[in-house]
Amino acid sequence: MAIVTQTDKRTGITYAYETQYYWDKEKQQSRAKRVCVGKVDPATKEIIPTRGRSRKKEEPTDYPVSKRGPKPICETKHLYYGATYMFDKLADELGLTADLKVCFPDSYKKLLSIAYYLILEDNNPLYRFEKWNFTHKHPYGADISSPRSSEFFSSITDEQINKFFRLQGKRRVDDEYWAYDSTSISSYSETLAQVQYGKNKEDDKLPQLNLLLVFGEESGLPFYYRKLAGNIPDSKTVKHLLEDLDILGFGKTKFVMDRGFYSEDNINGLYREHVKFLVGVKLSLKFIKSNLDAIYDDIRMFTNYDESIETYGYTVQTEWDYTQERPYKGDVIKDKRRIYIHYYYSIEKGAEDEQAFDKRIAGLCRELLEDNPVESHRKAYEQFFEVKTTPKRGRQVYYKEDAIKEARKYLGYFALITNETMDAFTALHLYRMKDVVEKAFGNIKERLNMRRLLVSSEKGLDGKIFTEFVALILISHLDHKMKESGLYNNYTMQSLLDKLDVLECFEDANHSLRIGEMLVKQAEIYEALGVEAPTSSC
C-alpha cells in the first residue's frame, strides 16, 4: 500500500490516493487500484480528508435522521449449483464432510471445493480454478489460485491423513472383502525420492511412483491408500499393508488380490495374521499344476458348467506348507494349513488363448528360419524348437511337439486360492469385483488428471494425492449409487453430471438463496440417487 499524489490541471487541487498494486493475469501486466483519501494542503503538505472521511460520528438524537447519498449496491450472483449441491449431499451421507471437518477444521471447505473441481472439470489443471469459481457455488466460495492450492497441499500432514483413515474406516462395512491393487503414475520430476524406474503397468518409458489402493467390495468405496517407490514389486507390499492397517486399528480383514501379489512369504504372512484371502495364482506353480493334472478330466463336465458366464468351475481342497521363522527363538515353525484351489476353464478364453499361442509359435518359427532371433525369445526357442544346421540341407527348424502339446493343454484355464470355504463361482464373483479398483485407477488418471505427477515437492505430492483420494471417494460413491439405481441405463457419469451442473442458484446479500428452474429429468436424477432436490430457502 502506498500514497500517491496527483494534481488536477483544471482546478489546481492536488489529491492523495491510497494505491495498491496487483498483477493482471489476463493482460499480463502490473496494475494499480487507487482510492482517493483527501486533498493535499499546499502550505503544510498535510492530507485533508474529503467526502466525510473526517466527519465525526454524529451524536444520537431523539428524532429520525434521513440518510444521505445513494444506497449501497447489493451484488447478485447467478451460479451453477446442481452438481456441487449433489456432492454436498453425498459427502454428508458418507460422513465425509464431518470427518474432514474434524481433521481439517480450518480448511476442510477448501479441500472439498478442490475435490469438486477435479471431478467436474476433468482433465483441467488447477490454475483454471479461478474461472470455475466465477461460475459455480461451492463450499469454499472463493478463488483458490494455483500458488494457494500448492501451499494448501503442502500443509496437509501425515497425522491428519491417518486420522481421516481411522474415522472413515469406522464407517465401512465390517464383514466384506477388501480389494487390493496397485498402479504406476509416471513423472518427469527429478526431485521426488520415490520416483524410480520400475515395471510400468502402462509401458510408459518414464520413472514412476506406485500407488496402492484398498477398496471395499460391498461398499464400492476406497478407504486406504499407500504410495511407495516405483521400483518396489507388488509382492513385497502385503506385509507392510497388514502392519499399517493394524496400526490404524482396523479389525480382521479379508483380501482379494491378483496374482502379482502372490508369493510364499505373503501367503504365510496372511495365515500368520489370520487374514482371509482370495488370491489369483499362476498355473505354472508346482502345487497348482499338480492338483490340476489330478482332476483335469473332471473339470469340463456339464455338472461344473455355469451357463451365465460360460465357464467351468471346480474346487480342490488341499494343504499349504506353512512356515514361520522365529528370529527371537532361532527356529522355524513348519505346519500344514487348509487351502482351497478353485480351477476354471473359459470356453471363450480358451479359444482366444489357443489362437494367440499358435500365432506366437508361428512367429518364433519364422524368426528361426530367417536366422533373425530375438534375444528375449531365446527361452521360448529352447522350449519349443530344435534347430539343426548341416552342410547339405542347411538350416532346419523342428517343432518339439510334446512341449507344444503340454503348453496348449492349460490354455483357457486359470486358478484362485483361498483359505475360506466357498464354492468356485462365489469365489470367481468376488474376484471379478476387484475390477472396481481398476476403474478407480482409471478415474484417478483420466478424470482427476493424475496421469503425470505435476508437483515438485514431497509434501505437495502427499497433499495432492490425499485430495485426489477424497475426490475418488465421491466418484466411487456416485458410481455405486448409479449402478444400484439403474441410472447407467440412460446416462454415463459425465452426462449425468452435465445434466445437473446447469441448474442455477441466485444469491445476494438481502435475500435467501433461490433455486432456478428445475427440469423433470434433473428431479428424477436426484430422486434416483436418494438425494432431496434443492429448493429455495424461505
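Source: prediction; values computed, not measured. (Residues numbered from 1 in each chain as written. Predicted model: local features only at pLDDT ≥ 70, side-chain atom pairs only at ≥ 80, totals over all residues. Heavy atoms only, no water.)

Draft legend 1. A look at the overall build of the protein. Of regular secondary structure, the protein possesses 17 helices and 18 strands. Among the 538 residues that make up the protein, the fraction classed as buried is 44%. Within the protein, contacts between residues separated by at least 24 positions form 62% of all contacts whose residues are at least 6 apart in sequence. Carbon and sulfur atoms form 48% of the exposed surface of the protein, whose accessible area is close to 31,200 Å². (Helix = DSSP H or I, 4+ residues; strand = E, 2+ residues; numbered from the N terminus. Buried < 20%, exposed > 50% of the residue type's maximum accessible area, 1.4 Å probe, protein only. Contact = heavy atoms within 4.5 Å. Areas by Shrake-Rupley, 256 points an atom, 1.4 Å probe, with all protein chains shown as cover.)

Draft legend 2. Expanded view of a negative patch on the surface. Negative charge collects at one region of the surface, where Glu307, Glu310, Glu348 and Glu352 lie side by side. Mapped onto the elements, glutamate 348 comes out in helix α10 (residues 347–369). (Patch = residues over 30% accessible without salt bridge, like charges linked within 9 Å, V, L, I, M, F, W, Y side chains within 5 Å. Salt bridge = Lys/Arg side-chain N within 4 Å of Asp/Glu carboxyl O. Lys, Arg positive; Asp, Glu negative; His and termini not counted. Charge placed at Lys NZ, Arg CZ, Asp CG, Glu CD.)

Draft legend 3. Up close: the packing of α10 against helix α12 (residues 401–408). Their axes nearest at 11 Å, the elements α10 and α12 cross at an angle of 155 degrees. With respect to α12, the axis of α10 lies roughly antiparallel. The chirality of how α10 crosses α12 is right-handed. When α10 is examined against α12, the residues Glu354, Phe357, Asp358 and Ile361 are found in contact with a partner set consisting of Ile404, Ala407 and Arg408. Split into classes, the residues belonging to the contact of α10 with α12 amount to 4 nonpolar, no polar and 3 charged. (Axes fitted to C-alpha atoms, helices over the stretch in contact; angles between N-to-C directions. Parallel < 35°, antiparallel > 145°, perpendicular 65-115°, else oblique. Left-handed = near helix turned anticlockwise from the far one by under 90°. Nonpolar A, V, L, I, M, F, W, Y, C, P; charged D, E, K, R; others polar.)

Draft legend 4. Looking closely at the sheet that holds strand β18 (residues 511–515). Read across the open sheet, the 3 strands follow the order β5-β17-β18; overall the sheet is antiparallel. The two strands at the open ends of the sheet, each matched to only one other strand, are β5 (76–80) and β18. Taking the axes of each pair of neighbouring strands and ignoring which way they run, one obtains an average angle of 15 degrees across the sheet. By the bridge criterion, 5 bridges tie β5 to strand β17 (residues 504–508) in an arrangement that is antiparallel. By the bridge assignment, histidine 78 is partnered in β17 with phenylalanine 506. (Pairing = 2+ DSSP bridges.)

Draft legend 5. Spotlight on helix α3 (residues 108–120). In a regular helix each residue adds 1.5 Å, so 13 residues correspond to 18 Å; α3 covers 18 Å between its end C-alpha atoms and thus fits that length. With 12 of its 13 residues buried, α3 lies for the most part within the structure. Looking at α3, one finds that the buried residues are Tyr108, Lys110, Leu111, Leu112, Ser113, Ile114, Ala115, Tyr116, Tyr117, Leu118, Ile119 and Leu120. (Expected span 1.5 Å × (residues − 1).)

Draft legend 6. Molecular detail of helix α6 (residues 158–169). Here α6 contains 12 residues, and its C-alpha end-to-end distance of 16 Å stays within 8% of the 16 Å for a straight helix at 1.5 Å per residue. Along α6, the residues that are buried comprise Gln160, Ile161, Phe164, Phe165, Gln168 and Gly169. For α6, the arc enclosing every buried residue in end-on projection is 165 degrees, short of the 170-degree limit, so these residues lie on one face. (Arc of directions from axis to C-beta.)

Draft legend 7. Examining the pairing of β17 more closely. By the bridge criterion, 3 bridges tie β17 to β18 in an arrangement that is antiparallel. Across the sheet, residue aspartate 508 finds its bridge partner in β18, namely histidine 511. Hairpin geometry of β17 and β18 is characterised by an intervening segment of 2 residues between the two adjacent antiparallel strands.

Draft legend 8. Summary view of the packing of helix α7 (residues 238–247) against helix α8 (residues 264–272). Interaxial distance between α7 and α8 falls to 9 Å at its minimum, and their mutual angle equals 25 degrees. Taken together, α7 and α8 sit at an angle that is classed as roughly parallel. Contact with α7, carried on its side by Val238, Lys239 and Leu242, involves Asn266, Gly269 and Leu270 of α8 and no other residues of that element. Residues that form the contact of α7 with α8 fall into these classes: 3 nonpolar, 2 polar and 1 charged.

Draft legend 9. Structural context of the packing of aromatic side chains. If you walk through the whole model with that rule in mind, you get 26 aromatic pairs. Pairing phenylalanine 152 with phenylalanine 153 gives two aromatic rings, centres 6.1 Å apart and planes at 50 degrees, and the pair type is tilted. The pair phenylalanine 152 / phenylalanine 153 is uniform in exposure class, with both members buried. Pairing tyrosine 344 with phenylalanine 414 gives two aromatic rings, centres 5.0 Å apart and planes at 20 degrees, and the pair type is stacked. Here tyrosine 344 is found in strand β13 (residues 331–346), whereas its partner phenylalanine 414 is found in strand β16 (residues 413–418), with 70 residues between them in sequence. The rings of Tyr296, Tyr305, Tyr312, Tyr345, Tyr410 and Tyr413 are connected pair by pair, giving a single aromatic cluster. Lying over the aromatic face of tyrosine 81, lysine 137 brings its terminal NZ or CZ to 5.9 Å of the ring centre. Between lysine 409 and the ring centre of tyrosine 296, over which it is positioned, the NZ or CZ distance is 5.1 Å. (Phe/Tyr/Trp six-rings, centres within 6.5 Å; stacked < 30°, edge-to-face > 60°. Lys NZ or Arg CZ within 6 Å of the ring centre and 35° of its normal.)

Draft legend 10. Spotlight on the pattern of salt bridges. Counted under the stated rule, the structure contains 15 salt bridges. For the salt bridge of glutamate 93 with lysine 481, the shortest nitrogen-to-oxygen distance reads 3.1 Å. One end of the pair, glutamate 93, is in helix α1 (residues 82–93); the other, lysine 481, is in helix α15 (residues 458–485), and 388 residues separate them in sequence. What makes glutamate 93 partly exposed here is its relative accessible area of 42%. Within the structure, one salt-bridge network assembled from shared partners comprises Glu354, Asp358 and Arg408.

Draft legend 11. Structural context of the pairing of β16. Among the 6 residues of β16, 6 are classified as buried, and the element is accordingly described as predominantly covered. Neither face of β16 is left uncovered, since the one carrying Tyr413, Ala415 and Ile417 and the one carrying Phe414, Leu416 and Thr418 both have all their residues buried. Looking at chain direction, strand β10 (residues 276–281) and β16 are connected through 4 bridges and run antiparallel. Following the sheet pairing, valine 279 is matched in β16 by isoleucine 417. Pairing analysis gives 6 bridges linking β13 to β16, with the strands arranged antiparallel. Bridge pairing links tyrosine 343 to alanine 415 in β16.

Draft legend 12. Representation of the side chain of lysine 110 within the structure. Within the secondary structure layout, lysine 110 lies in helix α3. With residues near it in sequence (within four places) discarded, lysine 110 still touches Tyr140, Ile144 and Phe152.

Draft legend 13. Seen up close, the environment of proline 534. Along the chain, proline 534 turns up in the segment after α17 (520–529). Those residues in contact with proline 534 that sit more than four places away from it in its chain are Tyr81, Tyr85, Leu503, Ile515, Met518 and Tyr526.

Draft legend 14. View of the environment of threonine 318. By the element assignment, threonine 318 lies in strand β12 (residues 311–326). Sequence-wise, threonine 318 and phenylalanine 287 are 31 residues apart; in three dimensions their C-alpha atoms are separated by 9.5 Å.

Draft legend 15. Region of interest: unusual backbone geometry. Backbone geometry at glutamate 310 places phi at a positive 50 degrees, although glycine is not the residue there. Looking at the secondary structure, you find glutamate 310 in the loop between β11 (305–306) and β12. We classify glutamate 310 as partly exposed; its relative accessible area is 41%. Non-glycine residue aspartate 371 carries a positive phi angle of around 55 degrees.

Just distances and angles here, no functional claims.
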